[in-house]
Amino acid sequence: MNFEESLDSADILILRALQRNAKLTIKELASEANLSPSPTFERVKRLERDGYIRRYVAVVDAEKVGNGIIVLCNVSLKKHSKEHMREFMDEVMKVDEVVECYNTSGDYDYLMKLYVRDMQHYRSIVMDSLGVLDCVGSLHSIFVIGEVKKSDSVPIWGRE
């Protein structure tokens with residue numbers, strides 16, 4: 001079953017509202033979805049149970065906690081074997097500064113997003129962790145100068 005068969009316009013309104021502010025009360029959500037609180041509560045519980053809502057989080061300002069530099073790092077493996085891929089993925093999971101990692105097509109095998117304090121901090125990650133793995137062929141780092149658009153929301157298309 002695809003999402004369009006299981007989500008109606010009220011579900012979509014609820015999901016969008018929770019992405020904007022997960023601290024909304026059921027009463028506030030009900031108002032956004034044009035429903036009464038009781039069915040809104042039941043819908044939220046169903047959306048959680050069915051996996052549409054995976055979790056609730058606070059979005060922390062990276063700069064305010066001392067990790068104001070964003071690094072995008074493309075990684076090429078030496079060889080495309082299960083062993084090399086597993087070794088790399090296992091190490092990535094241990095590095096807290098890596099907040100996103102994608103297996104990609106094209107010139108590179110992986111794209112990572114990291115938050116670091118400064119250049120020395122990033123250098124230590126490369127020199128002591130990711131860059132010393134036998135499976136890694138090359139790392140290509142891109143340092144973000146400024147964010148043009150950033151969103152923690154997923155677009156939700158559907159009936160409205």
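Values in this document were obtained by computation on a predicted structure and should not be read as measured data. (Residues numbered from 1 in each chain as written. Predicted model: local features only at pLDDT ≥ 70, side-chain atom pairs only at ≥ 80, totals over all residues. Heavy atoms only, no water.)

1. What to know about helix α3 (residues 26-33)
Turning to step 1, where the next piece is worked out: Listing the buried residues of α3 in full gives Leu-29, Ala-30 and Ala-33. Axial view of α3: buried residues confined to an arc of 100 degrees, hence all on one face. Along α3, exposed side chains directed more than 90 degrees from the buried face belong to Lys-27 and Ser-31.
Turning to step 2, where the next piece is worked out: In the core, the buried residues of α3 are packed alongside α2 (9-20) and α4 (37-49).
Turning to step 3, where the next piece is worked out: Where α3 terminates, the next one or two residues include Asn-34, which has phi positive at roughly 60 degrees. (Buried < 20%, exposed > 50% of the residue type's maximum accessible area, 1.4 Å probe, protein only. Helix = DSSP H or I, 4+ residues; strand = E, 2+ residues; numbered from the N terminus. Arc of directions from axis to C-beta. Contact = heavy atoms within 4.5 Å.)

2. Considering the sheet that holds strand β3 (residues 110-116)
Turning to step 1, where the next piece is worked out: Spatially, β2-β3-β1-β4 is the arrangement adopted by the 4 strands of the open sheet, whose pairing is antiparallel. The open sheet terminates on both sides in strands that have one partner only, identified here as β2 (98-103) and β4 (136-143). Direction aside, the axes of adjacent strands within the sheet are offset by 20 degrees on average.
Turning to step 2, where the next piece is worked out: Inspection of the sheet shows strand β1 (residues 69-77) paired to β4 by 7 bridges, in the antiparallel sense. Bridge pairing in β4 places Leu-72 opposite Ile-142. (Pairing = 2+ DSSP bridges. Axes fitted to C-alpha atoms, helices over the stretch in contact; angles between N-to-C directions.)

3. Considering unusual backbone geometry
Turning to step 1, where the next piece is worked out: Although it is not a glycine, Asn-34 adopts a positive phi angle of roughly 60 degrees.
Turning to step 2, where the next piece is worked out: For Asn-34, the location among the structural elements is in the loop between α3 and α4.
Turning to step 3, where the next piece is worked out: Using a relative accessible area of 66% as the deciding quantity, one classes Asn-34 as exposed.

4. Looking at the packing of aromatic side chains
Turning to step 1, where the next piece is worked out: Scanning all chains against the criterion turns up 2 aromatic pairs.
Turning to step 2, where the next piece is worked out: Look at Phe-88 and Tyr-110: their rings are 4.6 Å apart centre to centre, the planes differ by 40 degrees, and that puts the pair in the tilted class. You can see Phe-88 sitting in helix α5 (residues 82-94) and its partner Tyr-110 sitting in strand β3, a full 22 residues away along the chain.
Turning to step 3, where the next piece is worked out: When its relative accessible area of 2% is taken as the criterion, Tyr-110 is described as buried. (Phe/Tyr/Trp six-rings, centres within 6.5 Å; stacked < 30°, edge-to-face > 60°.)

5. Quick word on the nonpolar core
Turning to step 1, where the next piece is worked out: Grouped together as the largest cluster of nonpolar side chains are 18 residues, with contacts concentrated most on Val-75, Phe-88, Val-98, Met-112, Leu-114 and Leu-130.
Turning to step 2, where the next piece is worked out: Those elements that place two or more of their residues in this core are β1, α5, β3 and α6 (119-128).
Turning to step 3, where the next piece is worked out: Core analysis: the next-biggest nonpolar cluster, separate from the first, contains 14 residues, Ala-17, Leu-24, Ala-33 and Ile-53 among them. (Core = buried A, V, L, I, M, F, W, Y, C linked by side-chain atoms within 4.5 Å.)

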